[in-house]
Amino acid sequence: MIDTLRLSAEEAIALVERKEVTPAELHGVYLGAIAERNDELNAYLRTVDTVDADATSIPIAFKDVISTRGVETTAGSRILEGYVPVFDATVAARCKTAGLTLLGKTNTDEFAMGSSTENSAYGPSHNPWDLERVPGGSGGGSAAAVAAGLAPWALGSDTGGSIKQPAALCGNVGLRPTYGTVPRYGAVAFASSLDQIGPVARRVRDCALLYSIIAGRDPRDATTVELPAAVELPEGDRLDGVRIGLPKQLDELTAIEPGVRSAFERTIELARELGAEVGECDLPLSFEYGLPCYYLVAPAEASSNLARYDGVRYGPRVEGSTYREMVERTRDHGFGDEPKRRIMLGTYALSAGYYDAFYGQAQRVRTLLIREHRDALSRFDVIATPTSPTVAFRIGDKSADPLAMYACDLLTIPSCLAGLPGLSVPCGLSDGLPVGLQLIGPQFGENALFRAGHVLEQALGFDPVPIRLRSEEGA
Ligand code: GLN
């Protein structure tokens, strides 16, 4: 009997290696779990029933922004409905080389724009801890799938928090890697200077293992580099000598819910008991200017990246009497409200006469954020904050208010702008819903994040199985 709610990726790999189960059988077990629970979760947009003959390992799910040869890839948008890539993204190819089998493509906010999956053209995903709540976004489908035992692990993409925030809201572990360590070739582009692919898992060690599979230079993505050091699977149970910086600005952030704050503070207390040196660091600009800076840079890049959807190259077309009319109708019909909002914001910010005041200014602020993170990380090994200011909110609560939705990423965005790695690890419950701890490290600091995250994960003993699914265990 395989209990997909409890099985870690590492344990699953061991089962396959000991030949207790074949890759195809294990794939079938997960498809069974998907058949049972996906209707209520809408975590997967589509599944893949066949297993490659040369598969040697366990299944995986991909957020639907990752191109997969022969498997429809929509980025959660109508404008890519029916689009079947003729090539694999580099990360997909690397997973294949590692013997992994593709279980399916998971739901996402349209073009990864959002914090709840409510912007998906294919309906929202639901949080396995409470079906009336969002799983976070944009990678809510991957997070919900992993939390509900519908995949041992998954890939997401993170522009301003789309791996870390859903991981926090669903009780998973999620890594946004250092910019440039994981190839973006074949990932549907949102904001190219921010987009990063990364792992979602139920355990820190699984997260590190998957990162080791996808990371490393790719000649097809000129922004990638070779990792300076090999990925280490974290071990140990102490944090002696680890210097943890707490931004002093956290105290003033009223957006942080009391339940989130207390779970976070208990975790920091635990880190101290485990030997960490905890001190105060200063990020004076990050929480004040991070969001506005991001909402100029990201839409500016998005408006340029989304120009390619013209009814000629990809997806469905709405005919018109002229070329221009065809393009207009295709884009009007194919894009939902959020991409349209961002295209308008971005083209405005980039337009002649406004460029310096908006985009140019945002780029200067971005440089300041890079500097203040560098200063803080010269004195500390990691910076710790809650990942999300709130636990999972109710579906519909923020969907009519774009600014409230944008504010979900208050704590995840600054380090994304600085290109730094961030790990979200579950650190407790508030009102029966998971709270995430965010650990930020210096460039290429993933190993240190994995180590600290692993030690805290072991000491906290957080149970990643959603409470409402625990009764089914062993059934
Ligand atoms: N929620 C943020 C946005 O809407 C971040 C999304 C992401 O990281 N892809 O842009």
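Chemist: I'm lost on the site of the ligand in this one. Help?
Modeler: Around the ligand lies a shell of 15 residues, among which Thr159, Gly160, Ser162, Tyr294 and Asp409 are the nearest. One nitrogen or oxygen atom from the side chain of Asp409 is found 2.5 Å from a nitrogen atom belonging to the ligand. Contact with the protein chains removes 100% of the 290 Å² of surface that the ligand exposes when unbound. Its residues assigned to classes, the shell around the ligand comprises five nonpolar, seven polar and three charged.

Chemist: Please clarify how the pairing of strand E5 (residues 173-176) should be interpreted in this entry.
Modeler: Remember that side chains alternate between the two faces of the sheet whenever the strand is regular. Side chains Val173 and Leu175 project from E5 onto one buried face, and the interleaved Gly174 and Arg176 project onto a second face that is buried too. Across two bridges, the pairing between E5 and strand E6 (residues 196-201) is antiparallel. From the neighbouring strand, Val173 faces E6, where its bridge partner is Ala201. Pairing of E5 with strand E10 (residues 422-430) involves three bridges; the strand directions are antiparallel. Paired with Gly174 across the bridge in E10 is Ser424.

Chemist: Just to check I follow, could you spell out unusual backbone geometry for this structure?
Modeler: Residues other than glycine predominantly adopt negative phi, and peptide bonds predominantly adopt the trans conformation. The omega torsion across Gly137 and Ser138 is 5 degrees, close enough to zero to call that bond cis. Relative to the helices and strands, Ser138 is located in the loop between strand E3 (101-106) and helix H4 (140-147). For Lys19, which is not glycine, the phi torsion reads 60 degrees and is therefore positive. Structurally, Lys19 can be placed in the loop between helix H1 (9-17) and helix H2 (23-41). With a phi close to 70 degrees, Thr117 is a non-glycine residue in the positive phi region. Topologically, Thr117 is positioned in the loop between E3 and H4. On the basis of relative accessible area, Thr117 is assigned to the buried category, the value being 0%.

Chemist: Even after reading the chapter, I still don't get the packing of aromatic side chains, so can you show me in this structure?
Modeler: Two descriptors summarise a pair of aromatic rings, namely the distance from one centre to the other and the angle between the planes of the rings. A full pass over the atoms with the stated rule returns 14 aromatic pairs. Here Trp129 and Phe462 contribute two aromatic rings whose centre-to-centre distance is 6.1 Å and whose plane-to-plane angle is 35 degrees, an arrangement assigned as tilted. Of the two residues, Trp129 is situated in the loop between E3 and H4 and Phe462 in the loop between helix H14 (446-460) and helix H15 (467-470); the sequence distance between them amounts to 333 residues. The exposure class assigned to Phe462 is buried, which follows from its relative accessible area of 12%. When the centroid spacing of 5.4 Å and the interplanar angle of 50 degrees are considered together, the rings of Tyr309 and Tyr314 count as tilted. The exposure class assigned to Tyr314 is partly exposed, which follows from its relative accessible area of 24%. The side chain of Lys398 reaches across the aromatic face of Phe393, ending 4.7 Å from its centre.

What counts, and at which threshold
Residues numbered from 1 in each chain as written. Predicted model: local features only at pLDDT ≥ 70, side-chain atom pairs only at ≥ 80, totals over all residues. Heavy atoms only, no water. Near = heavy atom within 4 Å. Polar contact = N/O pair within 3.5 Å; in protein donor to acceptor, adjacent residues only side chain to side chain. Areas by Shrake-Rupley, 256 points an atom, 1.4 Å probe, with all protein chains shown as cover. Nonpolar A, V, L, I, M, F, W, Y, C, P; charged D, E, K, R; others polar. Buried < 20%, exposed > 50% of the residue type's maximum accessible area, 1.4 Å probe, protein only. Helix = DSSP H or I, 4+ residues; strand = E, 2+ residues; numbered from the N terminus. Pairing = 2+ DSSP bridges. Phe/Tyr/Trp six-rings, centres within 6.5 Å; stacked < 30°, edge-to-face > 60°. Lys NZ or Arg CZ within 6 Å of the ring centre and 35° of its normal.

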